[in-house]
Amino acid sequence: MGKCLSHCVDSNSAESQRSQQSHNGKHRTPTPPSYYSSVQKAQSVRSAPVDGSHEEYYTNGSHKEMRTSEKKVAMHPAKLPSISSIQRTSNNNLKTISLSPPEYSETKIHKLFDKYKDEHEDCILAEGVERFCQDLGVDPAEFIVLALAWKFNAGAMCKFTREEFEGGCRALKVDSIKGIQASFPSLLQEVKDESTFKDLYRWTFQFGLDSDQGQRSLPIDMALPLWHLVFSHRQPPLLHRWFTFLKDSQVRGISRDTWNMFLNFVEVVGEDLSTYDDTEAWPSLFDDFVDHEHQKERQAKDRDMQEVDV
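An account of the accompanying structure is given in this report. None of the values given here were measured: they were computed from a predicted structure. (Residues numbered from 1 in each chain as written. Predicted model: local features only at pLDDT ≥ 70, side-chain atom pairs only at ≥ 80, totals over all residues. Heavy atoms only, no water.)

Some words on the packing of helix H5 (residues 143-151) against helix H8 (residues 194-208)
Thought 1: Viewed as axis vectors pointing N to C, H5 and H8 meet at an angle of 90°, and their least axial separation amounts to 10 Å. In terms of axis orientation, H5 runs roughly perpendicular to H8. For the pair formed by H5 and H8, the contact residues are Phe143, Leu146, Ala149 and Trp150 on the first element and Thr196, Asp199, Leu200, Trp203, Thr204 and Phe207 on the second.
Thought 2: A class-by-class count of the residues in the contact of H5 with H8 yields 7 nonpolar, 2 polar and 1 charged. (Axes fitted to C-alpha atoms, helices over the stretch in contact; angles between N-to-C directions. Helix = DSSP H or I, 4+ residues; strand = E, 2+ residues; numbered from the N terminus. Parallel < 35°, antiparallel > 145°, perpendicular 65-115°, else oblique. Contact = heavy atoms within 4.5 Å. Nonpolar A, V, L, I, M, F, W, Y, C, P; charged D, E, K, R; others polar.)

Concerning the packing of aromatic side chains
Thought 1: Tallying each qualifying case throughout the model produces 30 aromatic pairs.
Thought 2: Arranged with centres 5.9 Å apart and planes meeting at 85°, the rings of tryptophan 227 and tryptophan 242 form a pair that is edge-to-face. Residue tryptophan 227 is found in helix H9 (residues 220-230), and its partner tryptophan 242 is found in helix H10 (residues 239-248); the two are separated by 15 residues along the sequence.
Thought 3: Overall, the relative accessible area of 0% leaves tryptophan 242 in the buried class.
Thought 4: Judged by centre distance (6.0 Å) and plane angle (55°), the rings of tryptophan 282 and phenylalanine 286 are tilted.
Thought 5: Owing to a relative accessible area of 0%, phenylalanine 286 belongs among the buried residues under this scheme.
Thought 6: The side chain of arginine 234 reaches across the aromatic face of phenylalanine 197, ending 4.1 Å from its centre. (Phe/Tyr/Trp six-rings, centres within 6.5 Å; stacked < 30°, edge-to-face > 60°. Buried < 20%, exposed > 50% of the residue type's maximum accessible area, 1.4 Å probe, protein only. Lys NZ or Arg CZ within 6 Å of the ring centre and 35° of its normal.)

With respect to the pattern of salt bridges
Thought 1: Tallied over the entire structure, the rule returns 10 salt bridges.
Thought 2: Aspartate 135 serves as the salt-bridge partner of lysine 115, at 3.7 Å between the closest nitrogen and oxygen. Residue lysine 115 is found in helix H3 (residues 106-116), and its partner aspartate 135 is found in helix H4 (residues 126-136); the two are separated by 20 residues along the sequence.
Thought 3: On the basis of relative accessibility, which here comes to 36%, the residue aspartate 135 falls in the partly exposed class.
Thought 4: Across the pair glutamate 166 and arginine 162 runs a salt bridge, and its minimum N-O distance is 2.8 Å. On the criterion of helical spacing, the pair formed by glutamate 166 and arginine 162 is a turn pair, its members being 4 residues apart in helix H6 (residues 162-172).
Thought 5: Judged by relative accessible area, which is 5%, glutamate 166 ranks as buried.
Thought 6: For arginine 162, a relative accessible area of 23% puts it in the partly exposed group.
Thought 7: One connected set of salt bridges, linked through shared partners, spans Glu106, Asp114, Asp122, Arg162, Glu166 and Arg170. (Salt bridge = Lys/Arg side-chain N within 4 Å of Asp/Glu carboxyl O.)

Structural notes on H8
Thought 1: Compared with the 21 Å implied by 1.5 Å per residue over 15 residues, the 21 Å span of H8 between its first and last C-alpha is a close match.
Thought 2: For H8, the set of buried residues is Thr196, Phe197, Leu200, Tyr201, Trp203, Thr204, Phe205, Phe207 and Gly208.
Thought 3: Buried-residue contacts for H8 involve H5, helix H7 (177-190), strand E8 (218-219), H9, strand E9 (253-254) and helix H11 (256-268). (Expected span 1.5 Å × (residues − 1).)

In structure tokens form, the structure reads like this:
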């Protein structure tokens, strides 16, 4: 009953107002519905759905709207981000995130690999690696080439599979020779980290093995150059003395355990070998090296004493 009464009051009031306007000779032209529609669209405010219902964005005429399973909210085109830049937060609100396009082109990476790959195999072999290094302006024996091969996760020397080469380019976010060259400073900085260098150092052993021959230890003529190369930017004081010992002892190969432990050895043992503890679980070759160095020291002292007596 109350609703009906209110309706009658509103109707009488409206009729009275129209009569008054007609009596005064004034008549207001009705506003076109399209005007209200435009105003409502312009004043519409974007809001997130109350529940976690699915959102769908679509274009309808001159403006865009967001649909949910329960309601439709008009959205101003200038305030509507792309679908890919909308993300729901933990409190069920929407936020805009910035999505940058990829910094490299997959097509260019494919073409770069094809430029150096072998005619008969889908790999870059020795000749292609040489041309690759020439274009990069580096020598294959430089440390940066070793670091680059590590970044590409190469499984063998003088060879890049398609997966290794293209995966390495993606890791560096590059697709050209200039891009790879530009990545050198950051790559060198990356391997200065202790844990990263340790990973590079251990990978180098596997890199030097001849997988075709099934090698399990590095021949000494391969181990020495690789040690020299991997330590070229952080050479341990003991390195040359270690090389001399290996040559004098006619060691023919280096096992994986000896290779890996040598990094710990040069970090723990001082230059004078005074902190070496032979009771620890060092490879026996290290015991021989320390004994060899101590013997050389005693012989040097004996010579000095003989010269003094003379």
